[in-house]
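Inside the fold
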Amino acid sequence: MAKNAADARSNTAAVQATNDDASASKLSCVKKGYMRDDFIHLFVRRPVRRSPIINRGYFARFAAFRKLLFQFLNTDDHTRKQVLSLGAGFDTTYFQLQEEGKAPYLYVELDFQEVTSKKAALIEFHDELREKVGATASFSRENGEVLGDHYKLLPVDLRDIQRLTDVIALANLDPSLPTFIIAECVLIYLDPESSRSIVGWAAKTFSTTVFFLYEQIHPDDAFGEQMIRNLEYRGCGLLGIHATPTLEAKERLFLDQGWQRAIAWNMLRVYSEFIDSQERHRIQRLELFDEFEEWHMMQEHYCVAYAINDALAMFQNFGFHEKDGSNASST
Ligand code: SAH
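Reading the values: rules and limits
- Residues numbered from 1 in each chain as written.
- Predicted model: local features only at pLDDT ≥ 70, side-chain atom pairs only at ≥ 80, totals over all residues.
- Heavy atoms only, no water.
- Helix = DSSP H or I, 4+ residues; strand = E, 2+ residues; numbered from the N terminus.
- Expected span 1.5 Å × (residues − 1).
- Buried < 20%, exposed > 50% of the residue type's maximum accessible area, 1.4 Å probe, protein only.
- Pairing = 2+ DSSP bridges.
- Right-handed = clockwise from strand over helix to strand, strands pointing away.
- Phe/Tyr/Trp six-rings, centres within 6.5 Å; stacked < 30°, edge-to-face > 60°.
- Lys NZ or Arg CZ within 6 Å of the ring centre and 35° of its normal.
- Patch = residues over 30% accessible without salt bridge, like charges linked within 9 Å, V, L, I, M, F, W, Y side chains within 5 Å.
- Areas by Shrake-Rupley, 256 points an atom, 1.4 Å probe, with all protein chains shown as cover.
- Salt bridge = Lys/Arg side-chain N within 4 Å of Asp/Glu carboxyl O.
- Lys, Arg positive; Asp, Glu negative; His and termini not counted.
- Charge placed at Lys NZ, Arg CZ, Asp CG, Glu CD.
- Near = heavy atom within 4 Å.
- Polar contact = N/O pair within 3.5 Å; in protein donor to acceptor, adjacent residues only side chain to side chain.
- Core = buried A, V, L, I, M, F, W, Y, C linked by side-chain atoms within 4.5 Å.
- Contact = heavy atoms within 4.5 Å.
- Axes fitted to C-alpha atoms, helices over the stretch in contact; angles between N-to-C directions.

1. Section: helix α8 (residues 192-205)
- With 14 residues, α8 extends 20 Å between its outermost C-alpha atoms, agreeing within 8% with the 20 Å of an ideal straight helix rising 1.5 Å per residue.
- Of all the positions in α8, only S194, S195, I198, V199, G200, W201, A202 and A203 are classed as buried.

This is the structure:
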């Protein structure tokens, strides 16, 4: 695609603004009791109330992510581990893990400098965040950096692979340690060539790794076309979606770039077969709705994919296990 055509559908400020949207949606869920997050309110200027369907969708995303992350953290739990979050935005997982006493040895977050500068300022400003990055942490709002012993926030344009490599060294990430890489609603905004480069770079850089991906699929039906139009209208087109329009294509993205295993499920299946049934029952009582067709369609247009490289043979039991949540209704 011509660069100008891509530019018309996507501009950097609009893509960065999707982070504010995600934070506001998470806060909406927290206020309704879907999940606990004692920090997200510090990152939201204007709280909003989302519809029950949107709340349930964010809950599903949160629950699936947490379950896979904890599988990773709980595997050989005496081994030092790393988390690397690509396009982390204002995600609060690090602070939650610290609070729960579950933080890994090193947690690194990357985003555009405009975003990391704001995040650095907020972390420095709020005591409850600052204390979690450690007394020795250094802050630079100007550069958009926080450098703590076990937490780093650094600015990078993910499409610049050389800079990505430099930043990994700066953050002291150890390529031989087990590493959980997060790309939640990030790669889909990039041109397909950049996404492939990042996925390939990650496979080459880390040898014992789980790559967690959450993003949109199925651009080609009526719901998908509308979803894409809405985002393009806002200036944050899903530049990657036509290169990976199906679950198989998401798996292929990884397998073609040097990953040993890759699995993708849509969120309808993740919700009904992977998320714990007790949790599902709990949240289904929080807000009732009867637009099940819309709920199903929305969930069919998002997916979780994970890919694994397993040099240390740690992840044989990692991943979706159908039995986990299968004996409950999926509505
Ligand atoms: N992962 C977070 C935020 C998602 S919003 C969450 O799930 O809540 C998407 C984020 O990706 C934004 O913060 C945006 O600034 C970032 N992003 C998009 N393209 C990027 C790029 N090329 N380099 C760095 N960050 C990018």
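2. Looking at the pairing of strand β7 (residues 208-216)
- Where burial is concerned, most of β7 is hidden: nine out of the nine residues are buried.
- With six bridges connecting them, strand β6 (residues 179-184) and β7 associate as parallel partners. Within β7, the residue paired with I182 across the bridge is F212.
- For the segment spanning β6, α8 and β7, crossover handedness is right-handed.

3. So, the packing of aromatic side chains
- Enumeration over the complete set of coordinates arrives at 25 aromatic pairs.
- Each ring, one from F289 and one from F292, has its centre 5.6 Å from the other, and the planes form 45 degrees; the classification is tilted.
- By relative accessible area, F289 is classed as buried at 12%.
- Following the ring pairs from residue to residue traces out a cluster consisting of F65, F72, F180, F212, W265, F274, Y306, F315, F318 and F320.
- Directly above the aromatic system of F72 lies the positively charged group of K81, at a separation of 5.8 Å from the ring centroid.

4. Considering a negative patch on the surface
- A surface patch of like charges, here negative, comprises D220, D221, E225 and E300.
- Take D221: it is sitting in the loop between β7 and α9 (222-233).

5. Some details on unusual backbone geometry
- Of note, the phi angle at N172 is positive, near 65 degrees, even though the residue is not glycine.
- By the element assignment, N172 lies in the loop between α7 (161-170) and β6.
- One non-glycine residue, C185, lies in positive phi territory at about 50 degrees.
- When you line up the elements, C185 lands in the loop between β6 and α8.
- Looking at C185, the relative accessible area reads 16%, which means it is buried.

6. Quick word on the site of the ligand
- Within the structure, the ligand sits among 21 residues, and K26, R61, G87, D111 and L158 are positioned closest to it.
- Here D111 contributes a side-chain N or O atom positioned 2.6 Å from an oxygen atom of the ligand.
- Interatomic distance of 3.0 Å between a side-chain N/O atom of D157 and a nitrogen atom of the ligand.
- Alone, the ligand offers 570 Å² of accessible surface; in the complex the protein occludes 98% of this.
- No other element matches helix α2 (residues 12-32), which puts six residues into the shell around the ligand.

7. A closer look at the pairing of strand β2 (residues 106-111)
- For β2, the buried fraction is high: six of the six residues fall into the buried class.
- Burial of the side chains of β2 extends over both faces: L106, V108 and L110 are buried on one face and Y107, E109 and D111 on the other.
- Inspection of the sheet shows strand β1 (residues 82-86) paired to β2 by five bridges, in the parallel sense. Pairing of V83 across the sheet is with Y107, part of β2.

8. What about the nonpolar core?
- Ranked by internal contacts, the top residues of the largest apolar core, which has 63 residues, are L68, F180, V270, V304 and F318.
- When neighbours within four sequence positions are excluded, F180 is seen to be in contact with F65, L68, L69, F72, Q82, V83, L84, V210, F212 and F318.
- Formed by 36 residues, the second largest nonpolar core is a distinct cluster that contains L86, L158, A202 and A307.

9. A closer look at the sheet that holds β1
- Taken together, the nine strands give an open sheet; going across it, the order is β3-β4-β5-β2-β1-β6-β7-β9-β8, and neighbouring strands pair in mixed fashion. For this open sheet the edge positions go to β3 (138-140) and β8 (261-266), each flanked by a neighbour on one side alone. Neighbour-to-neighbour, the strand axes of the sheet open up by a mean angle of 15 degrees, direction not taken into account.
- Bridge analysis of β2 against strand β5 (residues 151-155) gives five bridges, and the strand direction is parallel. Counterpart to E109 in the pairing with β5 is L153.
- On the sheet, helix α10 (residues 247-255) packs against β7, β8 and β9 (302-310) and is oriented at approximately 155 degrees with respect to β8.

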